Amino acid sequence: MGQELNNIERMYDTVAQEYAEAFSGEHDKKPKDQEILHRFSQEIVERRPVWDFGCGPGQTTEYLKNLGIQISGLDLSEKMLEQARTIHPEIHFRKGNILELEFENDSIAGAVAFYAIVHFTKEQVLKTFREAFRVLQPGGIFLFTYHIGEETIRLDEFLGKKIDIDFMFFTTDFISSCLKKSGFEKTEIIEREPYPGVEYESRRAYVFATKPVVRKSP
Ligand SMILES: C[S@@+](CC[C@H](N)C(=O)[O-])C[C@H]1O[C@@H](n2cnc3c(N)ncnc32)[C@H](O)[C@@H]1O
């Protein structure tokens, strides 16, 4: 049974303004984020289109845009999108669901998804990876992040607002096995310790997963 999408959407609608205030510009305080986003931009170069899935207020979208990537953002929460559009009027943002993407097969060059799977059950994580795999072009790159662990944290308050939602942590073994099941062959998972005083103190992981290029037999 999945965590209800409308509960996730409602929660982000409720905290959108506070979230934007808290997380805009966060990459400036996180050197590993910067290194990883620079690497992504160097690997994508001029390929397009690139999407930020679960973009929230658009801080990652903006960071990549400033590195020269032509990128758009997609999110479930209309209020998050309002924040993103207000803060970054030069970037295109649209509503969408990463569990059922309205994109053609093999149609996008790259996708990033920073902490977009944090409310998903294990089944929903696998579904997300399958969707990302489906829409990526051969050779396309999927970069995403998650909190490492096995726990689920139920929150009834977030950024000063009353909410009721689960935050999920995942083991790297679980993420690796879902990537394999989804068809990704070339994957790299980079783990790091938390930045104390800067973020919630959980261990984090960044994942680069590339959709294989199918070679025609001679
Ligand atoms: C933890 S926030 C991360 C936001 C931003 N990427 C960041 O790093 O701060 C999770 C975001 O994913 C979005 N989200 C959750 N489920 C989604 C879904 N099924 N489709 C699209 N966006 C989703 C939420 O609305 C929220 O903006």
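Structure report, in brief. Keep in mind the model is a prediction, meaning the values are calculated, not measured.

What follows is about the environment of Gln59. Its location among the elements puts Gln59 in helix H3 (residues 59–66). Residue class for Gln59 comes out buried when judged on its relative accessible area of 8%. Sequence separation between Gln59 and Gly25 is 34 residues; the distance between their C-alpha atoms is 6.0 Å. Sequence-distant contacts of Gln59, that is, excluding residues within four places in its chain, are made with Tyr19, Phe23, Ser24, Gly25, Glu26, His27 and His88. Engagement of the side chain of Gln59 in a polar contact is seen with the side chain of Glu26, the distance being 2.9 Å.

According to the stated counting rule, one finds 19 salt bridges in the structure shown. Two residues, Glu131 and Arg134, come together in a salt bridge whose shortest N-O distance is 2.8 Å. Residue Glu131 and its partner Arg134 are both found in helix H5 (residues 122–135); the two are separated by three residues, about one turn of the helix. In this structure Glu131 comes out as buried when scored by relative accessible area, which is 12%. For the salt bridge of Glu199 with Arg192, the shortest nitrogen-to-oxygen distance reads 2.6 Å. The exposure classification of Glu199 matches that of Arg192, with both residues buried. A cluster of three or more residues bridged by salt bridges with shared partners is formed by Glu26, Lys30, Asp33, Arg192, Glu199 and Arg204.

Moving on: the environment of Asn6. Of note, Asn6 is situated in helix H1 (residues 5–23). Asn6 sits in the partly exposed class, given a relative accessible area of 45%. Note: C-alpha distance between Asn6 and Gln42 (36 residues apart in sequence) is 36 Å.

Residues of H3 that are buried include every one of Gln59, Thr60, Thr61, Tyr63 and Leu64, and no others. Looking at the buried positions of H3, the neighbouring elements they touch are H1, helix H2 (31–44), strand E1 (50–53), strand E2 (71–75), strand E3 (93–95) and strand E4 (108–113).

To continue, consider the sheet that holds E1. Spatial strand order, E3-E2-E1-E4-E5-E9-E8: seven strands in an open sheet with mixed pairing. In this open sheet, the two edge strands, each paired with only one partner strand, are E3 and strand E8 (186–192). On average, each strand axis in the sheet is inclined to that of its neighbour by 15 degrees, with strand direction left out of account. Sheet topology note: the E2/E3 ladder contains three bridges and is parallel. Along E3, the bridge assignment pairs Asp75 with Lys95. Set on the sheet, H2 makes contact with E1, E4, strand E5 (136–147), E8 and strand E9 (204–210); between it and E9 the angle comes to about 5 degrees.

Thresholds applied
- Residues numbered from 1 in each chain as written.
- Predicted model: local features only at pLDDT ≥ 70, side-chain atom pairs only at ≥ 80, totals over all residues.
- Heavy atoms only, no water.
- Helix = DSSP H or I, 4+ residues; strand = E, 2+ residues; numbered from the N terminus.
- Buried < 20%, exposed > 50% of the residue type's maximum accessible area, 1.4 Å probe, protein only.
- Contact = heavy atoms within 4.5 Å.
- Polar contact = N/O pair within 3.5 Å; in protein donor to acceptor, adjacent residues only side chain to side chain.
- Salt bridge = Lys/Arg side-chain N within 4 Å of Asp/Glu carboxyl O.
- Pairing = 2+ DSSP bridges.
- Axes fitted to C-alpha atoms, helices over the stretch in contact; angles between N-to-C directions.

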